[in-house]
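# Remarks on the overall topology
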Amino acid sequence: MRKCNACRAVVLAESIIGNQYICPKCGNYFSVPARRRIEMLADEESFKEWDTGLTSGNPLHYKGYEDKVEALREKTGLDEAVTTGLARIGGHEVVLAVCDSHFMMASMGKVVGEKLTRAIERATERKVPVIIVACSGGARMQEGIHSLMQMAKTSAALKRHSDAGLLYVSVLTDPTTGGVTASWAMLGDIILAEPHALIGFAGPRVIEQTIGQKLPKGFQRAEFLVEHGFVDRILPREEAKEVLSEILRMHGKDIEVSSEVLTLGDGDVKRSLAAPETGEKTSAWDCVQKARKKDRPVGEDYIRELFPDFIEFHGDRLYGDDAAIIGGIASFDGTPVTVIAEAKGADTKENIRRNFGMPSPEGYRKALRLMKQAEKFHRPVICLVDTPGAFCGMEAEERGQGEAIARNLYEMSALKTPVLSIVISEGGSGGALALAVADEVWMMQNAIYSILSPEGFASILWKDGKRAPEAAEVMKLTAGDLKELGIVEEIVEEPGEFTVDTMPVVCEELRGKILRFLEKYEKMDGEELVEERYRRFRDM
């Protein structure tokens, strides 16, 4: 029998083990032994263990330390607090390391650091991803400074692995604290965390003693880390193998795009898309009104239609997450891509949550983090632009809104991977440009892209916001105007009533265009892409 720490229920041990070490009464997570965790994640009989039998001795001659280690070996059947080896997950070869809190709270001493470092080095040699499942109380006090040095050693090994263009996924479980949090646990290209896991550098009791006050509920829990930008997503235990398999699949080698699929939309591409099918001239103000319609498809709708296997990632790794920008990875006809969308809501509640599509600095920094990650793995970047403008608020200025936008322009200009930006509705000023320093920029037929809103233009230049319709004509903000000016390369035609219900036919044409874009730009090397992108903007 086992007693749940959360609901206090006494439960049969078999019912917990058979339920992936989750309490059947309340859903609380129990700690998982390393070997059982490996069975849960790795393909059957695929795990080959490495580096058994390593010992660190007793570098500080700490009384009773060797006896304690030996007793734990007998009790747990483990050599040390981490088990490492080669495995397959969803058929993908990976170096897998799993910590076990039953062995001295998985504290990191010389053996843990050495086993992890050797595993990472072998992954670099074999050119395969690393997945480390972390749980730890931090450094192993009984080994003193030797334990501290493992933080630097493991981090340096991960840097070499990263510089080789290889994937590292860190999975944080309860608890992950101290020197482990301050080294390899937080260095993942992708950081996942089990629900409610305690994650932090200093322990809660230490913080409370230091500041002299009680910590708020949920502080340092996994969900807190997602909200504050340091974890990509919560990983429910029952979904772990499936999610990791998908992530590994999307970091595999690109699949060639078939010529059959590349023919999609050919008929549509040959038509002129600068005006509706009726042949009537749409006024600039009409385009503004259509771009702002409440039932118009938003970024999330495009992601759902074009990228059905999209996996969203969160956070800027600096301050927070921003719901006004959605970002993550997907595959597009077999090609791994990074997708980033400025996100409005489909209703008032969702619009409030997404700040009406007006990103904050952490949103732009999240986007840039994902773009740099895409560059590392040679993934094309597809941006869906839809914002009235960057958020203008006191807190946005405090956190450096101007710097965040400027940094995106600076870094995007030199990304050594293809970048496509599509203005799907509103392209408002620098807030839109921050996702549109691309190899090509396209616009939906009734989208707009401008230096500011027509109302703002009229108010500033003519001191009369009511002249917005007139300003819209002067500003040359429609897709047709901007294609004529050489600002955008493509216009994607829309039906008369463009809603979620009518968007599948539009996305079919868009899919064909994107495939041709990928076919063209994936043939270029990084230096050629950067030079062509520079020339694109240099000539404007």
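What comes next is a walk through the structure. Every value quoted in this text rests on a predicted model; they were computed, and no experiment measured them.

## Details of the environment of K3
Relative to the helices and strands, K3 is located in strand β1 (residues 2-3). Look at K3 and you get partly exposed, because its relative accessible area is 47%. When the C-alpha atoms of K3 and G389 are compared, they prove to be 53 Å apart, with 386 residues separating the residues in sequence. In this structure, K3 is in contact with R8, A9, V10 and F30, ignoring residues within four places of it in sequence.

## Observations regarding the environment of E426
Residue placement: E426 occurs in strand β15 (residues 419-428). Assessed through its relative accessible area of 10%, E426 is described here as buried. Those residues in contact with E426, other than ones at most four positions away along the chain, are A291, R292, K344, V385, D386, T387, P388 and I448. A polar atom in the side chain of E426 sits 2.6 Å from the side chain of K344.

## Digging into the state of the cysteines
The tally for this structure, following the rule as stated, stands at 0 disulfides. Between C7, a free cysteine, and C26, which holds the nearest cysteine sulfur, the sulfur-to-sulfur gap is 3.6 Å.

## With respect to the nonpolar core
The biggest cluster of nonpolar side chains holds 91 residues, and the ones touching the most others in it are Y302, F307 and I514. Among the elements that line this core, the one with the most residues is helix α22 (residues 503-521), at 9 residues. Setting aside residues up to four positions removed in sequence, Y302 forms contacts with P297, F307, L384, I424, M444, F498, M503, C507 and L510.

## Let's talk about the packing of aromatic side chains
Inspection of every chain in the model, using the stated rule, returns 5 aromatic pairs. Relative to F332, the ring of F307 has its centre 5.6 Å away and its plane inclined at 50 degrees; by these criteria the two rings are tilted. Here F332 lies in strand β12 (residues 325-332) and F307 lies in the loop between α13 (299-306) and β11 (311-313), a separation of 25 residues in the sequence. Accessibility expressed as a relative area gives 2% for F332, which makes it buried. Linked through ring pairs, W442, F517 and Y521 together constitute an aromatic cluster. If you follow R122 out to its NZ or CZ, it ends over the ring of W50, 4.8 Å from the centre. Positioned over the ring face of F537 is R536, at 4.9 Å from the centre of the ring.

What counts as what
- Residues numbered from 1 in each chain as written.
- Predicted model: local features only at pLDDT ≥ 70, side-chain atom pairs only at ≥ 80, totals over all residues.
- Heavy atoms only, no water.
- Helix = DSSP H or I, 4+ residues; strand = E, 2+ residues; numbered from the N terminus.
- Buried < 20%, exposed > 50% of the residue type's maximum accessible area, 1.4 Å probe, protein only.
- Contact = heavy atoms within 4.5 Å.
- Polar contact = N/O pair within 3.5 Å; in protein donor to acceptor, adjacent residues only side chain to side chain.
- Disulfide = S-S within 2.5 Å.
- Core = buried A, V, L, I, M, F, W, Y, C linked by side-chain atoms within 4.5 Å.
- Phe/Tyr/Trp six-rings, centres within 6.5 Å; stacked < 30°, edge-to-face > 60°.
- Lys NZ or Arg CZ within 6 Å of the ring centre and 35° of its normal.

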